Amino acid sequence: MEFVPATATDKRSDLLQWLDSQLPRASQARNILKEIVKTNDTSVYSIYASYDGNDPQSIALLSRRATPSDVIRMQIVFHASDMLSLETRNEIAQAVAGMVLSEETHNNTPMDMKSISNIFTNSGFTADNQSDTKSSGCCSTTTATSNCSSSCSTQKSTTCNGKSKSCNSFDKEKIEILFAALDASWVDLFKSVFESQQHKSEWINNCPLYFLPETTANVPKLSTTTVADKYKVRKLLPSDAEAVNNNWPYNYDGSLSYLTSLITNHTSTGVFDTSTTPETLVGWVLTYSHGAIGIMHIMDAHRRQGLGLHIATIHLKEWVKENWTCEAFCYIVEENIASISLYQGKLGFQKDRDMAWALFTPKKSSCTSKKMCCS
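Overview of the structure. (Residues numbered from 1 in each chain as written. Predicted model: local features only at pLDDT ≥ 70, side-chain atom pairs only at ≥ 80, totals over all residues. Heavy atoms only, no water.)

## Concerning the overall build of the protein
Okay, step 1: Scanning the protein for helices and strands turns up eleven helices and 18 strands.
Okay, step 2: Entry remark: accessible area of the protein is about 17000 Å², with carbon and sulfur atoms responsible for 47%. (Helix = DSSP H or I, 4+ residues; strand = E, 2+ residues; numbered from the N terminus. Areas by Shrake-Rupley, 256 points an atom, 1.4 Å probe, with all protein chains shown as cover.)

Below you can see the structure in the form of structure tokens.
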């Protein structure tokens, strides 16, 4: 079993057509690949696929993210055909593990330079200086360029625990693997395979995929509920990101910049208590870069007042205007009964399939990462 890069435009289009037949409604894999095909932007994800002859069997979208500590996180958005034998599934899982833990893949997978830039910003790094050195976790980084975020090669060296190495150096014991929106039927298999590669399961977060059938037809039919006069709803501003981040149970190093980017570039909805001076953000819902609705939260003191349904309805009406080429969808943690009741019981969403987020870390590491958020 071998994964091959899908670098040619026609290969990407063929894979998208295959994903459309596999996942006709909405999914993270489908939407990310659709955006890549549309924009030809491969600066964040590299595309790999396995084939049975000329027919796709599975796809893996890979991205690298740096963290303020001396760790590189490989993020995988993976999908495989439902019609595979157990033997083939095992071969694919083994091939995925071998691929993401290889030096060649590490060097050929794009580094999400936005995350690099965010880390430098959050750690006090000044990219405008001709030469600057700042601490970032256990590491100090030296650069001699005017814009460190433009390319990984601008980092001349990184010193960690007294040892100097290039920013692109490969160390399997410093690689974390994050699966995003992984079909639940693959979780145990990948867990077994990565354990054999000296990586342990740090956490597994079960979050089924829900979608709204015929979104563009049904959203206009939703009635916007009324709430107390003291509440005002508007689109979030970048300045609101800090409050969202502080109350997000899944925040992580660099998440403030990530949330700011989502608020800046996609539909977001906030509800504010105007009885305070200044007015206070008390609830919100955002849209991920791949189109999923999520990160919804109502502050404890303002619950049971209909705010969740109120802003979710308004958000959906704005989401439709963003012209996503899919039905509205979200991933909801299976223990989040309130959100399931809201989206499935009141807004008409239907459950599509069981999905999971999973993080695998080197057995020698002591990861403290929180679970990633689905909703």
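From this point, things continue past the structure.
## Quick notes on the nonpolar core
It is characteristic of soluble globular proteins that their nonpolar side chains tend to be buried jointly.
Okay, step 1: Within the largest apolar cluster, 73 residues are counted, with the highest numbers of intra-cluster contacts made by Ile295, Leu316, Tyr331, Tyr343 and Phe349.
Okay, step 2: In terms of nonpolar packing, the next biggest core, distinct from the first, is built from 33 residues, Ala66, Ala80, Leu101 and Ile175 among them. (Core = buried A, V, L, I, M, F, W, Y, C linked by side-chain atoms within 4.5 Å. Buried < 20%, exposed > 50% of the residue type's maximum accessible area, 1.4 Å probe, protein only.)

## Considering the environment of Val71
Okay, step 1: Within the secondary structure layout, Val71 lies in the loop between strand E3 (55-66) and strand E4 (72-80).
Okay, step 2: The spatial distance from the C-alpha of Val71 to the C-alpha of Asp171 is 9.2 Å, given a sequence separation of 100 residues.
Okay, step 3: Not counting residues up to four positions away in its chain, the partners in contact with Val71 are Arg65, Ala66, Lys174 and Glu176. (Contact = heavy atoms within 4.5 Å.)

## Description of the side chain of Thr267
Okay, step 1: Inspection of the secondary structure puts Thr267 in the loop between helix H9 (255-265) and strand E13 (269-273).
Okay, step 2: Residue Thr267 is classed as buried on the basis of its relative accessible area of 12%.

## Examining the sheet that holds strand E18 (residues 355-362)
Okay, step 1: The mixed open sheet is built from seven strands, whose spatial order is E1-E2-E3-E4-E9-E18-E10. Whereas interior strands pair on both sides, the edge strands pair on one side only; in this sheet they are strand E1 (4-5) and strand E10 (199-206).
Okay, step 2: Sheet topology places strand E2 (residues 46-52) next to E3; seven bridges connect them, and they run antiparallel. Bridge pairing in E3 places Tyr48 opposite Ala60.
Okay, step 3: Relative to E3, helix H1 (residues 9-22) is tilted by about 105 degrees, and along the sheet it contacts E1, E2, E3 and E4. (Pairing = 2+ DSSP bridges. Axes fitted to C-alpha atoms, helices over the stretch in contact; angles between N-to-C directions.)

## Observations concerning the packing of aromatic side chains
Geometrically, a pair of aromatic rings is defined through the distance of the ring centres and the angle of the planes.
Okay, step 1: Taken as a whole, this structure holds twelve aromatic pairs when the rule is applied.
Okay, step 2: Centre to centre, the rings of Tyr343 and Phe349 are 5.2 Å apart; their planes meet at 85 degrees, and the pair counts as edge-to-face.
Okay, step 3: According to the relative accessible area criterion, Tyr343 is buried, its value standing at 3%.
Okay, step 4: Phe349 gets classed as buried once you look at its relative accessible area, which sits at 2%.
Okay, step 5: The aromatic ring of Trp186 is capped on one face by Arg89, whose charged end is 4.4 Å from the ring centroid. (Phe/Tyr/Trp six-rings, centres within 6.5 Å; stacked < 30°, edge-to-face > 60°. Lys NZ or Arg CZ within 6 Å of the ring centre and 35° of its normal.)

## Section: unusual backbone geometry
Peptide bonds are, in most cases, trans, and in most cases residues other than glycine have a negative phi.
Okay, step 1: With an omega of -5 degrees, the peptide bond running from Thr277 to Pro278 counts as cis.
Okay, step 2: Within the secondary structure layout, Pro278 lies in the loop between E13 and strand E14 (280-287).
Okay, step 3: We note that Ala181 has phi near 55 degrees; this positive angle belongs to a residue other than glycine.
Okay, step 4: As for its position among the elements, Ala181 is in strand E9 (residues 175-183).
Okay, step 5: The class of Ala181 is buried, set by a relative accessible area of 6%.
Okay, step 6: Of note, Glu214 is a non-glycine position whose phi angle comes to about 45 degrees, a positive value.
Okay, step 7: By the element assignment, Glu214 lies in the loop between strand E11 (209-211) and helix H7 (215-218).

## Points about the pairing of E3
Okay, step 1: Most of E3 is tucked away: ten of the twelve residues are buried.
Okay, step 2: As consecutive antiparallel partners, E2 and E3 are separated by two residues, and within that stretch Gly53 has a phi angle of approximately 70 degrees, a positive value.
Okay, step 3: Sheet topology note: the E3/E4 ladder contains nine bridges and is antiparallel. Paired with Ile59 across the two strands is His79, which belongs to E4.

## With respect to the packing of helix H10 (residues 307-321) against helix H11 (residues 337-346)
Okay, step 1: The interhelical angle for the contact between H10 and H11, taken along N-to-C directions, is 55 degrees, at an axis separation of 11 Å. Put simply, H10 runs oblique to H11. Note on packing geometry: the crossing formed by H10 with H11 is right-handed. Here Gly308, Leu309 and Ala312 of H10 come into contact with H11, specifically with Leu342, Tyr343 and Lys346. (Parallel < 35°, antiparallel > 145°, perpendicular 65-115°, else oblique. Left-handed = near helix turned anticlockwise from the far one by under 90°.)

## Remarks on the packing of H1 against helix H2 (residues 28-39)
A pair of packed helices is captured by two measures, namely the crossing angle of their axes and the spacing between those axes.
Okay, step 1: One can describe the packing of H1 onto H2 by two numbers: an axis separation of 10 Å at closest approach and a directional angle of 150 degrees. Comparing their axes, H2 and H1 come out roughly antiparallel. In the packing of H1 onto H2, the handedness of the crossing is left-handed. Residues Arg12, Ser13, Leu15, Leu16, Leu19 and Asp20 of H1 pack against Ala29, Arg30, Leu33, Lys34, Ile36 and Val37 of H2.
Okay, step 2: Residues belonging to the contact of H1 with H2 are distributed by class as follows: seven nonpolar, one polar and four charged. (Nonpolar A, V, L, I, M, F, W, Y, C, P; charged D, E, K, R; others polar.)

## Digging into the pattern of salt bridges
Okay, step 1: Taken as a whole and judged by the stated rule, the model has eleven salt bridges.
Okay, step 2: The shortest N-O distance in the salt bridge between Arg353 and Asp183 comes to 3.1 Å. Here the residue Arg353 occupies a position in strand E17 (residues 350-353), and Asp183 occupies one in strand E9, the gap between them amounting to 170 residues. Asp183 shares its class with Arg353; the two are buried.
Okay, step 3: For Lys232, the salt bridge goes to Glu279, with nearest N and O atoms at 3.0 Å. Taken together, the positions of Lys232 in strand E12 (residues 231-234) and Glu279 in the loop between E13 and E14 put the pair 47 residues apart, joining distant regions of the chain.
Okay, step 4: Of the residues examined, Lys232 reaches a relative accessible area of 34% and is grouped as partly exposed.
Okay, step 5: Members of the salt-bridge network, linked through shared partners, are Asp183, Asp352 and Arg353. (Salt bridge = Lys/Arg side-chain N within 4 Å of Asp/Glu carboxyl O.)

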